[in-house]
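Now for the letters of each chain:
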Amino acid sequence: MKGLGALLLLVQLLSCKAVPLGPFHPLHPRVIDCDDPESEEAAAIALDYINTHNLHGYKYALNSIEKIKVLPRRPNGEIFVLELDLLETVCHIVNPLPVENCTVRPLTDYVVEGDCDVKLLKLEGSFSVLSTKCHSAPDSAEDIAQKCPDCPIFTPLNDTRVITAVDLALAQYNGGQDGAYFKLLEIGRAQIQHFPDIVIVEFAVVATNCSAKDAQDHVDDCQLLAKDLAQFGFCNAEVLTKNNITVSCTIYEHQPGVTHHHLTQDHLGGQLPTVVQGFKHHDLRHSHHGSVHVTSESSSAEAPVGLTQAIPVVKRDVGAVVDPAIPAPPVGPGPKLPVCPGRIRHFQV
Ligand SMILES: *[C@@H]1O[C@H](CO)[C@@H](O)[C@H](O)[C@H]1NC(C)=O
Ligand SMILES: *[C@@H]1O[C@H](CO)[C@@H](O)[C@H](O)[C@H]1NC(C)=O
Ligand SMILES: *[C@@H]1O[C@H](CO)[C@@H](O)[C@H](O)[C@H]1NC(C)=O
Ligand SMILES: *[C@@H]1O[C@H](CO)[C@@H](O)[C@H](O)[C@H]1NC(C)=O
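Residues numbered from 1 in each chain as written. Chains lettered and ligands numbered in written order. Predicted model: local features only at pLDDT ≥ 70, side-chain atom pairs only at ≥ 80, totals over all residues. Heavy atoms only, no water.

As annotated in an unreviewed UniProt entry, the protein carries the name Alpha 2-HS glycoprotein and comes from Terrapene triunguis.

This is the structure we're talking about:
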């Protein structure tokens, strides 16, 4: 009896290994190039996800697809693992422009580079995002000093000079118009130019139910417009002294359904999220909603053993996917390597 049990187990083990794989489910990763249209489609969906889940700061544009890996998934579908190189645009997240229409910051303007590891599921021809892991960093002060020695210095968002400049600029804007009274939503970036000292700031604003005139008497009663009426704007200002301020704001059309709840509820009044204290930009690492890890775990659990082990590694470094657990391809001309990284859409940082 024992022998039979062992034999059955052995047969099961063998048959497990020998599960026939359809022609569309090879055990080894499918090789596609970074600039393949399919890679670009995956990247576009990931980018849209990253931008719509970004809670602070600016929208990001795709600069290049650095790496891509396509793994089979049981019982069907494929897992796409990409590493994306992004660049910050001048569009704040409250700006309704689609990111394709947003200008990437020029190299002389403290470029902020984003780096994201993303995982998507492709099922029946359509992609869904399983997880994203991003961070972003501004070009170093040394780099800027080389590229543009006279450029204004990138300054921490909680610097008192910055906060004062934003308050003065917004007060001037509100005083000079007869529309709604606007409150500060978030400081986006700040630079200080020396000799003469000019504080250059960018900030997002939100409309209240008061007129600018009402607000002079009872500013504390000025509340944000109801959710479905929320109206946002974005300002650029240069503050030399309190009597020498240039400020220009763009107030966006009311966008039905767009509330930026996180910003209006948690950070209104320019309160900086604690993670930004002392920092010069809104890091994508902190600015992001939590990733949808749940689905990613359950889907990878269904993948063949070798891949199940490979997938958690992927979260750290896409390059680590080439796993010893994945059977080597048959001897022959050798594995085809993907052509990566892909083309650079804007510039090399
Ligand atoms: C975005 O750019 C495209 C192509 O340049 C243009 O057709 C479209 O009108 C622009 N959209 C907006 C909202 O500006
Ligand atoms: C704005 O809304 C608040 C709260 O609803 C209300 O108390 C206040 O009177 C309103 N202000 C104006 C000018 O309508
Ligand atoms: C503000 O400062 C700039 C730069 O020094 C100067 O050119 C301009 O005349 C000043 N404007 C006012 C209104 O004082
Ligand atoms: C800005 O934040 C950093 C880090 O929390 C802190 O050390 C610094 O004192 C803050 N600066 C100001 C002007 O509040």
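A. Examining the overall build of the protein more closely. Across its full length, the protein carries nine helices and nine strands. Burial status across the protein gives 44% buried among its 349 residues. Sequence-distant contacts in the protein: of pairs separated by 6 or more residues, those separated by 24 or more amount to 72%. As displayed, the protein offers around 18100 Å² of accessible surface, 58% of which is attributable to carbon and sulfur atoms. (Helix = DSSP H or I, 4+ residues; strand = E, 2+ residues; numbered from the N terminus. Buried < 20%, exposed > 50% of the residue type's maximum accessible area, 1.4 Å probe, protein only. Contact = heavy atoms within 4.5 Å. Areas by Shrake-Rupley, 256 points an atom, 1.4 Å probe, with all protein chains shown as cover.)

B. A look at the side chain of Asp139. As for its position among the elements, Asp139 is in the loop between strand 4 (126-138) and helix 3 (141-147). When neighbours within four sequence positions are excluded, Asp139 is seen to be in contact with Leu107, Tyr110, Val111, Ile144, Lys147 and Val349.

C. Spotlight on the nonpolar core. Core analysis: the largest hydrophobic core is formed by 26 residues, its most contacted members being Phe80, Leu82, Leu84, Leu86, Val118 and Leu120. Mapped onto this core, the elements with two or more residues apiece are helix 2 (37-52), strand 1 (58-72), strand 2 (78-92), strand 3 (112-123) and strand 4. Here this core takes six residues from helix 2, the largest share from any one element. Those residues in contact with Val118 that lie beyond four places of it in its chain are Ala46, Ile50, Phe80, Val81, Leu82, Leu84, Ser131 and Thr132. Core analysis: the next-biggest nonpolar cluster, separate from the first, contains 23 residues, Ala165, Leu170, Val199 and Ile245 among them. (Core = buried A, V, L, I, M, F, W, Y, C linked by side-chain atoms within 4.5 Å.)

D. View of unusual backbone geometry. The peptide bond linking Arg74 to Pro75 adopts the cis configuration, its omega dihedral lying at 0 degrees. Topologically, Pro75 is positioned in the loop between strand 1 and strand 2. In the segment running from Cys340 into Pro341, the intervening peptide bond is cis, with an omega of -10 degrees. Within the secondary structure layout, Pro341 lies in the segment after helix 9 (305-314). Phi is positive for Tyr110, which is not a glycine, with a value near 50 degrees. Positionally, Tyr110 belongs in the loop between strand 2 and strand 3. Exposure remark for Tyr110: the relative accessible area of 3% places this residue in the buried category. Unusually for a residue other than glycine, Phe195 sits at a positive phi of about 55 degrees. With respect to the helices and strands, Phe195 occurs in the loop between strand 6 (180-193) and strand 7 (198-211). By relative accessible area, Phe195 is classed as exposed at 79%.

E. Summary view of the pattern of salt bridges. Here the structure, examined in full by the defined rule, presents 13 salt bridges. Among the salt bridges present, the one from Lys122 reaches Glu38, with a minimum N-O distance of 2.8 Å. In this pair, Lys122 is assigned in strand 3 and Glu38 in helix 2, connecting sequence segments 84 residues apart. Note on Glu38: relative accessible area 15%, which makes it buried. (Salt bridge = Lys/Arg side-chain N within 4 Å of Asp/Glu carboxyl O.)

F. Structural detail: the site of ligand 4. As a structural note, the neighbourhood of ligand 4 is formed by Asn158, Thr160, Gln277 and Gly278. Taken by itself ligand 4 offers 360 Å² of open surface, and the protein chains cover 37% of this. By residue class, the composition of the shell around ligand 4 is no nonpolar, four polar and no charged. (Near = heavy atom within 4 Å. Nonpolar A, V, L, I, M, F, W, Y, C, P; charged D, E, K, R; others polar.)

G. Focus on the environment of Arg189. Structurally, Arg189 can be placed in strand 6. Its relative accessible area of 2% is what places Arg189 among the buried residues. Taking C-alpha positions, Arg189 is 5.4 Å from Glu202, a pair spaced 13 residues apart along the chain. Contacts of Arg189, omitting those with residues within four sequence positions, involve Tyr58, Glu88, Arg105, Asp109, Tyr110, Val112, Phe154, Leu157, Ile200, Val201 and Glu202. Among the polar contacts listed, one links the side chain of Arg189 to the side chain of Glu88, at a separation of 2.9 Å. A distance of 2.8 Å separates a polar side-chain atom of Arg189 from the backbone oxygen of Asp109. (Polar contact = N/O pair within 3.5 Å; in protein donor to acceptor, adjacent residues only side chain to side chain.)

H. Spatial organisation of the confidence of the model for the protein. In this model, the protein carries an average pLDDT of 80, and 75% of its residues clear a pLDDT of 70 or more. Confidence drops under a pLDDT of 50 for residues 4-22, and excluding neighbours within four residues, the segment shows three contacts in the predicted structure. Low confidence marks residues 290-324, where pLDDT is under 50. Its contacts with residues over four positions away, or in another chain, come to 58 contacts. (pLDDT = per-residue confidence, 0-100.)

I. Structural detail: the sheet that holds strand 6. Read from one edge of the open sheet, five strands run 5-6-7-8-9, paired in antiparallel fashion. Edge positions in the open sheet fall to strand 5 (153-154) and strand 9 (244-251), since each of these has one partner strand only. Sheet topology note: the strand 6/strand 7 ladder contains 11 bridges and is antiparallel. For Leu184, the partnering residue across the bridge sits in strand 7 and is Val205. (Pairing = 2+ DSSP bridges.)

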